[in-house]
Amino acid sequence: MKKYFKIHPLTLLTTFIILLCGYFKHYIIMMLIIFIHEIGHILLGYIFKFKIIKIVILPFGCITYFKTELNTKTYKELIVAISGPIFQIIGSIILYTITQNDLVLFFNKIILILNLIPIIPLDGSKIIESILFKICSYYNTLKINEIISIITIFIVTIYIIFNFNFLVIIWIILLIIENLKNHELIKYKFYIFLKERYNNYYSLPYLYIKEINIKKIKKDYKTIFKNNTNYVLERDLIKTYLFK
């Protein structure tokens, strides 16, 4: 299991500062709630046969990276995304019932709020992305989700300017780094998404679109493009795109 876990360098720094300030009990409770939260993601990922690549331990949470096809059904990704907050709420209620410690309720609220903020790669962003997949094309979903994430980062940064907090600054720096990485990967993700569509058969309902544009392909549908009296199959358009 050791090969799956990675501790971010800023986690060590944050842990040192927190313990140096004498908040050992606070830190233990916070990490226990984070652990319960992540167990939710891991358990549901296991049920859907998502392969764990690594689990990165961050200052205020964890990120479990799964190896899945980009064409994985959206509902599965949504269930895995919301399973963390659900497990956290249930686990925190049980933990508070046992300990009667108000810190449990405090950290449960803080961690829940932070995780549901729509910033990549937090759960809130994954939930928003799952909703967008049902409305928009795959490519547009990636772009819109990125824009929402950047705007939210800007708002949080403004908040930090007027409410200075060293630990929150570390948190937002980590998220900015993750968003920079995500920006570089958007075109690559779209390419892999199309490559999977071309190489594999997916049993999906058909969707007719009047505009012939490869960026209009939706995740949970097979697209048939219509231009006047001409029809173009999704696979033919992808083939032209991949092998041009």
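Above this note sits the structure.
For clarity, every value in this text was computed on a predicted model and none was experimentally measured. (Residues numbered from 1 in each chain as written. Predicted model: local features only at pLDDT ≥ 70, side-chain atom pairs only at ≥ 80, totals over all residues. Heavy atoms only, no water.)

**Topic: the packing of helix H5 (residues 123–135) against helix H6 (residues 138–162)**
Two elements in contact, H5 and H6, have axes whose closest approach is 9 Å; the angle formed by their N-to-C orientations is 145°. Seen from above, H5 lies across H6 with right-handed handedness. Taken together, the residues of H6 that come into contact with H5 (itself represented by Ser-125, Ile-128, Glu-129, Leu-132 and Phe-133) are Tyr-138, Thr-141, Leu-142, Ile-144, Asn-145 and Ile-148. Split into classes, the residues belonging to the contact of H5 with H6 amount to seven nonpolar, three polar and one charged. (Axes fitted to C-alpha atoms, helices over the stretch in contact; angles between N-to-C directions. Helix = DSSP H or I, 4+ residues; strand = E, 2+ residues; numbered from the N terminus. Left-handed = near helix turned anticlockwise from the far one by under 90°. Contact = heavy atoms within 4.5 Å. Nonpolar A, V, L, I, M, F, W, Y, C, P; charged D, E, K, R; others polar.)

**Describing the pairing of strand S2 (residues 51–58)**
The pairing of strand S1 (residues 5–7) with S2 spans three bridges and is classified as parallel. In the strand pairing of S2, Ile-7 is matched with Ile-57. Alignment of S2 against strand S3 (residues 61–67), held across seven bridges, turns out to be antiparallel. When the sheet's bridge partners are listed, Lys-54 is paired in S3 with Tyr-65. Where S2 folds back on S3, the antiparallel hairpin that results is connected by two residues. (Pairing = 2+ DSSP bridges.)

**Focus: the pattern of salt bridges**
Under the criterion given, the structure shown has five salt bridges. The salt bridge partner of Lys-219 is Glu-77, with a shortest N-O separation of 2.5 Å. Here Lys-219, found in the loop between strand S4 (206–209) and strand S5 (222–227), pairs with Glu-77, found in helix H3 (residues 74–99); they are 142 residues apart in sequence, far enough to count as distant. Relative accessible area serves as the criterion here: at 1%, Lys-219 is assigned to the buried category. The shortest N-O distance in the salt bridge between Arg-197 and Glu-234 comes to 2.8 Å. (Salt bridge = Lys/Arg side-chain N within 4 Å of Asp/Glu carboxyl O. Buried < 20%, exposed > 50% of the residue type's maximum accessible area, 1.4 Å probe, protein only.)

**Here's the deal with the sheet that holds S1**
Strand order in the open sheet formed by three strands is S1-S2-S3, and the pairing between neighbours is mixed. Lying at the two open borders of the sheet, with one neighbouring strand each, are S1 and S3. The mean inter-strand angle of the sheet, taken between neighbouring strand axes irrespective of direction, is 20°.

**With respect to the nonpolar core**
One finds Met-30, Ile-33, Phe-107, Ile-119, Trp-171 and Ile-172 to be the most contacted residues of the largest nonpolar core, which totals 24 residues. Where this core is concerned, the elements lending two or more residues are helix H2 (24–47), S2, helix H4 (102–116), H6 and helix H7 (166–199). The dominant element in this core, judged by the number of residues it contributes, is H2, at five residues. Excluding anything up to four places from it in sequence, Phe-107 contacts His-26, Ile-29, Met-30 and Ile-33. (Core = buried A, V, L, I, M, F, W, Y, C linked by side-chain atoms within 4.5 Å.)

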